[in-house]
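Structural description and commentary
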Amino acid sequence: MLRVNNPYIDPAEERWYHLGFGPSDEVKVMFHDVKFVCMGGKDKRMEEYAKYLHQVLNEPENSVYEEGTKDLRNLSASAGRYCMYKVGSALSVSHGMGMPSFQILLNELFKLLAYAECEDVSFIRLGTSGGLGIEPGTTVVSKQGYSSMLKPYFTQVVCGKETNYDSMCDESLRSQLLACGKRLGTKMVAGNTMSCNGFYEEQGRLDGAMCTFTPEEKMAFLRKAHDECGIVNIEMETNMFAAMCNRFQVKSATVCVTVCNRMNGDAVLTTEDGYKQWERQPMEVVAELIKSSM
């Protein structure tokens, strides 16, 4: 059973401010059967994913609907920060952009699911990323999250002090996801992921409003990340996400499609339809995992 490691809070007196609700008997019953928490940056993407998963799982009865309808209910609508849908024993939740927003969400999800006395829950981030040395449209299942300083751990600052935490993703969950991708015919690889606290300069992009480095410095940085650290994609969350899940003792995986090869440029060159097709690949793989677990 999931447990919160904090002696200073009373779970029954909590309010999960950014989710928009707090403990109750109804909440405990509603969330007790959750086994998968699927998360992505955009509200719209995770709403679409919830609807897609609802179809794939044949409209499971333990989904949460708007009263008197078959429309999935956004359980966090009142807070206005994230969206959250319950589809059978899975949650589809948006986490915003970057590690700070995502870390707030994880804290409150951990407290919610511990209160609901959930067991054996897997947390999966799905989304898009920039590739390093791999073909655009390839889906990456992360092995480990690296920082933008190319460190294989997440550094948490608490009360002015730094502590480093392991940022390895769960190996068994990764293997299951790769097997699902193989069944679907999805082009997938496993590799390390670099997570940055920004989209432009920190990722070595030349197309921001400001740029203080040369193209040569950019390429040297990206080659070092790829060649010395085994990094095959760049995004903004996995380093912190994996570390938080390890601390909470739950399984984690990141499944992100690459929309460009940063070795060849910073721009996404596919068509709008091509981008949408790529964006669906992680959704399909994770849905296959959930369906196969039933």
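Refer to the structure printed above.
Residues numbered from 1 in each chain as written. Predicted model: local features only at pLDDT ≥ 70, side-chain atom pairs only at ≥ 80, totals over all residues. Heavy atoms only, no water.

Some points on the nonpolar core
Generally speaking, a soluble globular protein has its nonpolar side chains buried in company with each other. If you look at the biggest cluster of nonpolar residues, it comprises 38 residues, and the most contacted ones within it are Phe31, Val37, Met39, Leu112, Leu113 and Phe123. Those elements that provide at least two residues to this core are helix H1 (25-31), strand S1 (36-40), strand S3 (90-94), helix H3 (99-115) and helix H6 (238-248). Take this core: its biggest share by element is ten residues, from H3. For Leu112, the residues in contact, after removing those within four places along its chain, are Trp16, Leu19, Phe21, Val27, Phe31 and Met84. (Core = buried A, V, L, I, M, F, W, Y, C linked by side-chain atoms within 4.5 Å. Buried < 20%, exposed > 50% of the residue type's maximum accessible area, 1.4 Å probe, protein only. Helix = DSSP H or I, 4+ residues; strand = E, 2+ residues; numbered from the N terminus. Contact = heavy atoms within 4.5 Å.)

Let's talk about the pairing of strand S7 (residues 161-166)
Strand direction decides the pairing type here: strand S6 (residues 153-158) and S7, joined by six bridges, are antiparallel. For Gln156, the partnering residue across the bridge sits in S7 and is Thr163. (Pairing = 2+ DSSP bridges.)

Focus on the packing of helix H2 (residues 43-56) against helix H7 (residues 272-293)
H7 packs onto H2 with a crossing angle of 40° between their chain directions and a minimal axis gap of 10 Å. In terms of orientation, H2 and H7 fall into the oblique class. The way H2 lies across H7 gives a crossing that is right-handed. Of the residues in H7, those in contact with Arg45, Tyr49, Tyr52, Leu53 and Val56 of H2 are Glu279, Arg280, Met283, Glu284, Val286, Ala287, Ile290 and Lys291. Taken together, the residues of the contact of H2 with H7 sort by class into eight nonpolar, no polar and five charged. (Axes fitted to C-alpha atoms, helices over the stretch in contact; angles between N-to-C directions. Parallel < 35°, antiparallel > 145°, perpendicular 65-115°, else oblique. Left-handed = near helix turned anticlockwise from the far one by under 90°. Nonpolar A, V, L, I, M, F, W, Y, C, P; charged D, E, K, R; others polar.)

Let's talk about helix H4 (residues 171-184)
Helix length check: H4, at 14 residues, gives a terminal C-alpha distance of 20 Å against a target of 20 Å (1.5 Å per residue), a fit within 8%. Along H4, the residues classified as buried are Leu173, Arg174, Leu177, Cys180 and Gly181. All buried residues of H4 project into a common sector of 120° when viewed along the axis, lining one side. Along H4, exposed side chains directed more than 90 degrees from the buried face belong to Glu171, Lys182 and Arg183. In the core, the buried residues of H4 are packed alongside strand S4 (122-131), strand S5 (139-146), strand S8 (188-195), strand S10 (251-261) and H7. (Expected span 1.5 Å × (residues − 1). Arc of directions from axis to C-beta.)

Points about the packing of H4 against H7
Where H4 contacts H7, the axes come no closer than 9 Å and their chain directions differ by 105°. Judged by the angle between their axes, H4 and H7 are roughly perpendicular. Seen from H4, the contacting residues are Leu173, Gln176, Leu177, Cys180, Gly181, Arg183 and Leu184; seen from H7, they are Glu284, Val285, Val286, Glu288, Leu289 and Ser292. Classifying every residue of the contact of H4 with H7 gives seven nonpolar, three polar and three charged.

Worth remembering: the numbers are spatial, not functional.
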